[in-house]
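Chain by chain, the residues run as shown.
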Amino acid sequence: MRYRPSHAVRLRQFNKTQRYERLLRSLGLVLVVTGLVIGGGWVFIFTEEPSDLFAWLFNRPIPVEQPVDKRTASFKKDEGGFRELELALSGALINLQVSSDQVKETQSRRRQSDGKWRAVKRTIRVADAYSLIQCNLEINRAVSQTGGEVIQAAERRRSHELLMDITYDGYVAYHLTIIRDPSIIRKTGGLAIIINQAGKSRRDILDQFLELKRPMTFGFVPWESGAVKMAAKTVRKNQEVIVNLPMEPKSYPRISPGKKAILIDQDAQTNRRIVREALSILSVAMGASNYMGDKIRETPEIMNLVLDEVKKHNKYYIDGFDGSQRPGDRAVHFQGLQSAVSWGALDDHQNQERIAIRLDQASFAALEQSAVIVTANAHANLLAVLSHKMKQLELRGIEFVHVSDIVINKE
């Protein structure tokens, strides 16, 4: 006879099954709710537009960012203007000795769904040697040249932070926080500028160079008309004078260094007499340098007699060639002679932009090497660049000095 559970037993089994099913449904509901809570929290914390999630949940229309046609004139104008502003700001930060590891970007630039650009947020640490006023003035100067404007510059007195808002074309492009950091050491370096052939320049240009009122060294060819008077005037203005010694170049005779030059085919006595006469005429000079002379420089017997005469007159000697033209550094190793080699020329191309780039490069070399000497010829483009950039370079950590300051310290 087949066994059948009683009604009471079947009822207990049914109730037990129902309890398991209710438990599983409750557990599933708890997991779903937990997932929604975690997902919602993630959206609030890590996404910028949590309202999209709720718009989806409540079946509301979600705003979709419209694709930007990068070929439009409006887009190109915005991008071009921002690049100019970014370049200007980078230049200001270079002058404040801010490297990339001292800049923290917490919000990048992005075009939003309404067509407006989201502002860049950056925290910038500067050396404690710079005041917040200096930072404000330098950034203000740089961005204003590109059409930007600092609409707010406020100092937090407790934290000594500078908050700056910069606009371009009517929208806020940057939120900057400038912080002075005592752990950052400001670099300094000496830069000696030799203005060669100063006697060949117009008198008014020489006067304008002298009005810059920063230490510079001026080179004169002794036999140029008025060289002695101009050299004396230069010394009275507390500037330094050196003798430009005309020497034979490789391109001679097609290119001539002028009258009374040191030449390969001249006898040693004549060459010695030319050096002695040049140093005697410009007795106010503290040193001497070559004018042209790449051919003489590669002729040791003539170069040594030149250096011997310079040493006898108790002057220093500056080799005016750049690094690519120095065969063996013969000219700077003459025994007992104070001497140095220039870093290079600023005006290989007499173009203001090129001169400014070379001046920047020389300033970075001075900060790394503690001091460098550069050469240039006296002309209006060089004057314009120096007038514009000297103050900025001083902010960068450059100290303008005479050549003798570097040569003596070197010794």
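> So what exactly am I meant to see when it comes to the overall build of the chain here?
In terms of helices and strands, the chain carries 12 helices and 16 strands. Counting across all 411 residues of the chain, residues that qualify as buried make up 43%. Long-range pairs, those at least 24 residues apart, make up 67% of the contacts in the chain with a sequence separation of at least 6. Summing over all exposed atoms, the chain offers an accessible surface of approximately 23,500 Å²; the carbon and sulfur share of this is 53%.

> Is there a simple way to think about the packing of aromatic side chains in this case?
Working definition: an aromatic ring pair is given by the centre-to-centre distance plus the angle between the planes. Under the defined criterion, the tally for this structure stands at 2 aromatic pairs. Ring centres of phenylalanine 82 and tyrosine 174 lie 5.6 Å apart, and the angle between their planes is 15 degrees; this geometry places the pair in the stacked category. Linking phenylalanine 82 in helix 3 (residues 73-95) with tyrosine 174 in strand 7 (residues 171-181), this pair joins segments that are 92 residues apart in sequence. Each member of the pair, phenylalanine 82 together with tyrosine 174, is buried. Aromatic pair phenylalanine 209 and phenylalanine 218: ring centres 6.4 Å apart, planes at 75 degrees, arrangement edge-to-face. Cation over ring: arginine 109 sits above tryptophan 117, and NZ or CZ is 3.6 Å from the ring centre.

> Explanation requested: the pairing of strand 6 (residues 161-168) in the structure shown.
For a regular strand, side chains alternate in direction, first toward one face of the sheet and then toward the other. The element strand 6 is largely enclosed, with a buried count of 8 among its 8 residues. Here strand 6 shows no split at all, with Glu161, Leu163, Asp165 and Thr167 on one side and Leu162, Met164, Ile166 and Tyr168 on the other all buried. Relative to strand 6, strand 5 (residues 149-156) is paired through 7 bridges, and the arrangement is antiparallel. Across the sheet, valine 150 pairs through a bridge with isoleucine 166, a residue of strand 6. Joining the antiparallel neighbours strand 5 and strand 6 is a turn of 4 residues, in which histidine 160 adopts a positive phi near 55 degrees. Examined bridge by bridge, strand 6 and strand 7 share 8 bridges and lie antiparallel to one another.

> What should I look at first to understand the sheet that holds strand 1 (residues 103-107) in this one?
Sheet strands pair via backbone hydrogen bonds, and the direction of the pair is either parallel or antiparallel. Spatially, 1-4-7-6-5 is the arrangement adopted by the 5 strands of the open sheet, whose pairing is mixed. Strands with a single pairing partner mark the edges of an open sheet, and in this sheet they are strand 1 and strand 5. With direction set aside, neighbouring strand axes in the sheet form an average angle of 20 degrees. Those strands touched by helix 3 are strand 1, strand 4 (120-127), strand 6 and strand 7, and its axis lies near 15 degrees from that of strand 7. Across the sheet, helix 4 (residues 132-144) touches strand 4, strand 5, strand 6 and strand 7, and the angle it forms with strand 6 is around 10 degrees.

> Explain the pattern of salt bridges to me, please; I cannot follow it from the model alone.
When charged atoms on two side chains of opposite charge get close, those side chains can pair. Counted according to the given criterion, the structure contains 21 salt bridges. Between arginine 125 and aspartate 181 there is a salt bridge, and its shortest N-O distance comes to 2.6 Å. Of this pair, arginine 125 sits in strand 4 while aspartate 181 sits in strand 7, and the two are 56 residues apart along the sequence. With a relative accessible area of 14%, aspartate 181 lands in the buried category. Ionic pairing is found between aspartate 308 and lysine 312, a salt bridge with its closest N-O pair at 3.4 Å. Of this pair, aspartate 308 and lysine 312 both sit in helix 9 (residues 300-312), separated by 4 residues, roughly a single helical turn. For aspartate 308, a relative accessible area of 18% gives the class buried.

> Is there a simple way to explain the nonpolar core in this structure?
Grouped burial of nonpolar side chains is what soluble globular proteins tend to show. Counting residues in each nonpolar core, the largest one holds 59 residues, and the members touching the most others are Leu191, Ile193, Phe209, Phe218, Phe220, Leu245 and Leu386. Considering every element that reaches this core, the biggest residue donor is helix 10 (residues 352-369), with 7 residues. When neighbours within four sequence positions are excluded, phenylalanine 209 is seen to be in contact with Ile195, Met216, Phe218, Ala378, His379, Leu382, Leu383 and Leu386. With 32 residues, the next largest nonpolar core counts Ala88, Ile166, Ile184 and Leu395 among its residues.

What counts, and at which threshold
- Residues numbered from 1 in each chain as written.
- Predicted model: local features only at pLDDT ≥ 70, side-chain atom pairs only at ≥ 80, totals over all residues.
- Heavy atoms only, no water.
- Helix = DSSP H or I, 4+ residues; strand = E, 2+ residues; numbered from the N terminus.
- Buried < 20%, exposed > 50% of the residue type's maximum accessible area, 1.4 Å probe, protein only.
- Contact = heavy atoms within 4.5 Å.
- Areas by Shrake-Rupley, 256 points an atom, 1.4 Å probe, with all protein chains shown as cover.
- Phe/Tyr/Trp six-rings, centres within 6.5 Å; stacked < 30°, edge-to-face > 60°.
- Lys NZ or Arg CZ within 6 Å of the ring centre and 35° of its normal.
- Pairing = 2+ DSSP bridges.
- Axes fitted to C-alpha atoms, helices over the stretch in contact; angles between N-to-C directions.
- Salt bridge = Lys/Arg side-chain N within 4 Å of Asp/Glu carboxyl O.
- Core = buried A, V, L, I, M, F, W, Y, C linked by side-chain atoms within 4.5 Å.

Treat this as a map of the structure, not an account of what it does.
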